[in-house]
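Letter by letter, the chains look like this.
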Amino acid sequence: MGLTAPEPPTVLAIDAGNSKTDVAVVTAAGEVLATARGGGFRPPAVGVPAALDALAEPVARALADAGVPSVSHVSACLANADLPVEEERLATALHARAWGASVEVRNDTFAVLRAGVAEPRGVAVVCGAGINCVGMRPDGRTARFPAIGRISGDWGGGWGLAEEALWHAARAEDGRGEPTSLVRTLPAHFGLPNMYALIEALHLGDVGHDRRHELAPVLFATAADGDRVARGLVTRLAEEVTVMATVALTRLDLLAEHTPVLLGGGVLAAGHAQLNDTVRDLLATRAPKAVPRLVTASPVLGAALLGLDRLGAGAGAQERARGHWEAGRSGSSREGSRATM
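Residues numbered from 1 in each chain as written. Predicted model: local features only at pLDDT ≥ 70, side-chain atom pairs only at ≥ 80, totals over all residues. Heavy atoms only, no water.

J.: What is the right way to look at the packing of helix H5 (residues 157-174) against helix H9 (residues 228-251) in this model?
T.: Geometry of a packed helix pair, given as the angle between the helix axes and the separation of the axes. Two numbers describe how H5 lies on H9: the axes approach to 11 Å, and their chain directions differ by 150°. For the element pair H5 / H9, the angle class is roughly antiparallel. Here the hand of the crossing between H5 and H9 comes out right-handed. On H9, the residues that touch Gly157, Leu161, Glu164, Ala165 and His168 of H5 are Val229, Leu233, Arg236 and Leu237. (Axes fitted to C-alpha atoms, helices over the stretch in contact; angles between N-to-C directions. Helix = DSSP H or I, 4+ residues; strand = E, 2+ residues; numbered from the N terminus. Parallel < 35°, antiparallel > 145°, perpendicular 65-115°, else oblique. Left-handed = near helix turned anticlockwise from the far one by under 90°. Contact = heavy atoms within 4.5 Å.)

Put into structure tokens, the structure is as follows:
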């Protein structure tokens with residue numbers, strides 16, 4: 001009776017954000033066997049079992065399309081895995097699903113970082129709904145922040161900017177604060193005549209709480225038109241991005257070395273000139289050897305590369321995996337997803 005040849009090593013890469021989940025099955029040679037997309041991953045809202053049940057649907061599709069019942073290693077970069085203890089608990093829960101022989105869970109900011117560098121070395125700051133920063137070195141050392149809101153010292157992100165814009169506009173409306181065009185631009189976004197009407201609509205629920213994030217682009221547009229208060233908030237965000245990156249570089253002893261600083265997330269990737277230019281200028285002063293880059297590569301690529309790192313895959317496998325996600329990009333190249341600011 002002949003022996004069955006062992007299955008070649010494979011990675012199940014998962015990038016699960018608040019709004020969507022991307023999944024891929026990748027061989028140790030970097031060949032992408034299958035991909036799938038699902039809904040958001042929100043354990044704080046629905047609980048870990050329900051969040052994993054939702055995750056199971058795109059995972060099952062990807063495994064079926066790849067023709068494998070399970071993989072060698074699960075590399076999961078998950079939103080809301082903000083603390084090491086949360087990563088450990090989620091890793092235990094994922095391991096119980098038997099999708100892979102081994103499981104590693106990281107905060108999803110690590111996926112953005114790994115997607116933007118040729119080796120696991122650098123710092124990433126992600127500014128989307130919230131703000132977070134991580135760093136890593138090839139020797140396994142990492143730097144990170146709790147990033148769970150004001151109680152962990154955070155400021156910024158789309159939600160934070162919206163709240164600040166509303167605060168300044170409300171005070172300008174009734175005379176407690178500095179005059180600002182935000183008193184007109186914020187309510188106008190919702191078709192309302194003034195801040196009093198917007199305050200009432202938000203308080204009574206006529207404008208849903210989840211629509212507040214729409215005000216961050218309004219803030220940036222108001223800043224671009226020269227409003228002093230709006231521009232001040234954009235500068236404050238640039239300061240926060242810079243200080244997080246600089247602290248992470250310092251913790252990893254990378255401040256004196258040429259090191260990529262990857263900038264990702266909807267707010268930073270939107271191309272707001274004042275924000276990005278100010279971040280670049282501040283980094284040039286405080287971390288002169290930092291090399292800031294905008295990252296537009298799919299974060300699931302980063303999860304896949306972290307998984308390939310775990311399998312000990314070589315540079316050729318990593319380039320093959322990267323090529324899969326970059327192949328569809330118009331005029332893409334190896335540096336195309338990591339444009340220098």
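J.: I tried to follow helix H6 (residues 182-189) on my own but got confused; where do I start?
T.: The α-helix advances 3.6 residues per turn, and as a result positions three or four apart in sequence lie on the same side. Listed as buried for H6 are Leu182, Val183, Leu186 and Pro187. Down the axis of H6, the buried side of the element spans an arc of 110°, and every buried residue falls inside it. Looking at the buried positions of H6, the neighbouring elements they touch are H5, helix H7 (195-204), helix H8 (215-224) and H9. One or two steps after H6, the chain reaches Gly191, where phi turns positive at roughly 70°. (Buried < 20%, exposed > 50% of the residue type's maximum accessible area, 1.4 Å probe, protein only. Arc of directions from axis to C-beta.)

J.: Hey, could you run me through the packing of H5 against H6 in this one?
T.: Their axes nearest at 8 Å, the elements H5 and H6 cross at an angle of 120°. Considered as vectors, H5 and H6 are oriented oblique to each other. The way H5 lies across H6 gives a crossing that is left-handed. Listed contacts from H6 to Ala165, Leu166, Ala169, Ala172 and Glu173 of H5 are Leu182, Val183 and Leu186. Residue composition of the contact of H5 with H6, grouped by class: seven nonpolar, no polar and one charged. (Nonpolar A, V, L, I, M, F, W, Y, C, P; charged D, E, K, R; others polar.)

J.: In this structure, what is going on with the pairing of strand S7 (residues 131-136)? I would like to understand it.
T.: When a strand is regular, its side chains alternate between the sheet's two faces. With six of its six residues buried, S7 lies for the most part within the structure. Across the two faces of S7 the burial is the same, with Ile131, Cys133 and Gly135 and Asn132, Val134 and Met136 all buried. In terms of strand pairing, S7 meets strand S8 (residues 142-144) through three bridges, oriented antiparallel. Looking across to S8, one finds that Val134 is bridged to Arg144. Two successive antiparallel strands, S7 and S8, enclose a turn made up of five residues, where Gly140 displays a positive phi of approximately 100°. (Pairing = 2+ DSSP bridges.)

J.: Help me out: how do you make sense of the environment of Val134 in this one?
T.: By the secondary structure assignment, Val134 is in strand S7. The spatial distance from the C-alpha of Val134 to the C-alpha of Ala16 is 17 Å, given a sequence separation of 118 residues. Here Val134 is in contact with Thr109, Phe110, Leu113, Gly122, Val123, Ala124, Ala143 and Arg144, once residues within four sequence places are set aside.

J.: Just to check I follow, could you spell out the nonpolar core for this structure?
T.: Within soluble globular proteins, side chains that are nonpolar generally end up buried alongside one another. With 53 residues, the main nonpolar core has Leu186, Met195, Leu237, Val241, Leu263 and Leu275 as its most contacted residues. Looking at this core, the element that brings in the most residues is H9, giving 11 residues. For Met195, the residues in contact, after removing those within four places along its chain, are Leu166, Ala169, Ala170, Glu173, Leu182, Val183, Leu186 and Pro187. Formed by 30 residues, the second largest nonpolar core is a distinct cluster that contains Val126, Val134, Val295 and Ala304. (Core = buried A, V, L, I, M, F, W, Y, C linked by side-chain atoms within 4.5 Å.)

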